[in-house]
Amino acid sequence: MSASGGTRAIVAALLANLGIAVTKFVAFALSGSSSMLAESIHSVADSGNQALLLLGGRRARRRATPEHPFGYGRERYIYAFIVSIVLFSLGGLFALYEAYHKWHEQQIHPGGIESWQWLPVVVLVVAIILESFSFRTAIVESNAVRGKASWTQFVRRAKAPELPVVLLEDLGALLGLIFALVGVSMTLITDNGYWDAAGTAAIGILLVAIAVILAIETRSLLLGEAANPDDVRRIEQAITEGSEVERIIHMKTLHLGPEELLVAAKVAVRPYASAAELAEGINSVEARIRNSVPIARVIYLEPDIYRNAEQPADGVAELKEV
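Residues numbered from 1 in each chain as written. Predicted model: local features only at pLDDT ≥ 70, side-chain atom pairs only at ≥ 80, totals over all residues. Heavy atoms only, no water.

Q: What is the right way to read the overall build of the chain from this model?
A: When helices and strands are tallied, the chain shows nine helices and five strands. Secondary structure of the chain in N-to-C order comes out as α-α-α-α-α-α-α-α-β-β-α-β-β-β. Here the C-alpha atoms of the chain give a radius of gyration of 27 Å, more than 25% beyond the 20 Å that 2.2 N^0.38 yields for 322 residues. Projected onto its principal axes, the C-alpha positions of the chain cover 90 × 45 × 35 Å. Going through the 322 residues of the chain one by one, you find that 45% of them count as buried. (Helix = DSSP H or I, 4+ residues; strand = E, 2+ residues; numbered from the N terminus. Rg over C-alpha atoms; globule rule 2.2 N^0.38 Å. Buried < 20%, exposed > 50% of the residue type's maximum accessible area, 1.4 Å probe, protein only.)

Listed below in C-alpha cells is the structure:
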C-alpha cells in the first residue's frame, strides 16, 4: 500500500469526523435524541482512531536499534489493533448502553423528541453527505492498490492496515448515520421514543461487529503474516532463474511491517570452486530477489550441498541433503 495514499484517506476521514462530531453534539444538546448522542460518541471515537493511525504510521518510521534490530514497522499493526478496541468499547458498547438507558427511560416517561425536533434530521443528512466524501476518498485510494482483489479479499489480505481500517470505519459511519436517521425520523412521525432507542441499538451492534472484524484481521498481522502468493512466486522465480541455485529446499517469508519483508530460504547450490565464488553467487540471487520484490529488504539465504541419493521408480533422481 502507498503510505501517502493511506495518509490521505486517514486525514480526509479525520477532518470529516471532527466536523460531524461537533454538529452532532449540538443537535443532541438541543433535541435530547439518544441516536444523536450515540452518533456523537461514534464520531469522537472515529476521530481518535484516525489520530492513532497517524501516530502509528509516524512511529513506524523510526530507525532500527540494537534492541529492535528489525525496526518498528509493526507498530502500525499495534495501533490498528488499538483502534479496534476503541471502536468496540467507546463506540459499540456505549451505543448499546445508551440504547438500554433510552429504552427503560421510555417505560417511565414515554414520548418522542420534544424540542428542536427536525434539527437531528438536518444534521444527519449533512453528516451523511460529508461522510460520503470521506468514504469516496478511502475507496479511490484503495482501488489504486487492491488490483483485481474483491473488497473482502482486500480487507483480509492487505498487509497495510490503514486503508482497510478507514474503509470499514467509514462504511460503519455511513450505515450508523442511516440507522440514526431512520430511528429519529420514525420517532418524529410516531412520537414513539422506542424508535430512537432501536436506532441507537442498531448503531451499537454495527460498531461491535466492525470492531470484531478489525480485531481478527489485525491480530493476524500482529502474529506475523507471510508474503502474498504473487510475491512468493516472484521470489521463488528470482531464486531459481539463475545458475547459482539448483532448487529451493524450503523458504519462509514474514512481514516485518507493511512495506518490509523478511525472506529466509535454504537452497541447494551447485558445487563452487571457492567460498568467494559461493558468496558472489548468493549476492546475485539476493539482488534478483530485491529487484523482483522491492519490499524484500531482509534476506537470509542458507546454501547447502546435495547429492543424488537413490533412483525412484519414475526415473527422476531425488535430491537429499548430505
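Q: Looking at this structure, how should I read the confidence of the model for the chain?
A: Parts of the model with low pLDDT should not have their predicted coordinates read in detail. Taken residue by residue, the chain gives an average pLDDT of 84. The fraction at 70 or more is 90%. The least confident element of the chain is strand S5 (residues 319-321), whose mean pLDDT is 49; the most confident is helix H8 (residues 229-240), at 94. When the criterion is pLDDT under 50, residues 309-319 qualifies, and its contacts beyond four places in sequence or with other chains add up to 17 contacts. (pLDDT = per-residue confidence, 0-100. Contact = heavy atoms within 4.5 Å.)

Q: What is the right way to look at a nonpolar patch on the surface in this model?
A: On the surface, Phe88, Leu93, Leu96, Ile205, Val212 and Ile216 cluster together into a nonpolar patch covering about 500 Å² of accessible area. When contributions to the nonpolar patch are tallied by element, the ones reaching two or more residues are helix H3 (75-108) and helix H7 (194-223). Its place among the elements puts Leu96 in helix H3. With a relative accessible area of 31%, Leu96 lands in the partly exposed category. (Patch = residues over 30% accessible without salt bridge, like charges linked within 9 Å, V, L, I, M, F, W, Y side chains within 5 Å. Areas by Shrake-Rupley, 256 points an atom, 1.4 Å probe, with all protein chains shown as cover. Salt bridge = Lys/Arg side-chain N within 4 Å of Asp/Glu carboxyl O.)

Q: So what exactly am I meant to see when it comes to the sheet that holds strand S2 (residues 260-269) here?
A: Sheets are built from strands paired through backbone hydrogen bonds, the pairs being either parallel or antiparallel. With mixed pairing, three strands are arranged side by side in an open sheet as S1-S2-S3. Two strands lie at the open edges of the sheet, namely strand S1 (245-257) and strand S3 (296-304), each paired on one side alone. Sheet twist, expressed as the average angle between the axes of neighbouring strands with direction ignored, equals 15°. (Pairing = 2+ DSSP bridges. Axes fitted to C-alpha atoms, helices over the stretch in contact; angles between N-to-C directions.)

Q: Any chance you could explain the pattern of salt bridges here in plain terms?
A: Side-chain pairing between opposite charges can occur once the charged atoms of the two side chains come close. This model, assessed by the stated rule, comprises 13 salt bridges. For Arg76, the salt bridge identified is with Glu259, shortest N-O distance 4.0 Å. Linking Arg76 in helix H3 with Glu259 in the loop between S1 and S2, this pair joins segments that are 183 residues apart in sequence. Taking relative accessible area as the criterion, Glu259 reaches 25% and is therefore assigned partly exposed. The salt bridge partner of Arg290 is Glu286, with a shortest N-O separation of 3.8 Å. Taken together, the residues span about one helical turn, with Arg290 and Glu286 both in helix H9 (residues 275-292) at a distance of four residues. Residue class for Glu286 comes out buried when judged on its relative accessible area of 16%.

Q: How should the environment of Ser292 be read in this particular structure?
A: With respect to the helices and strands, the residue Ser292 is situated in helix H9. Overall, Ser292 belongs to the partly exposed group, its relative accessible area being 28%. Spatially, the C-alpha atoms of Ser292 and Ala238 are 6.8 Å apart, while their sequence positions differ by 54 residues.

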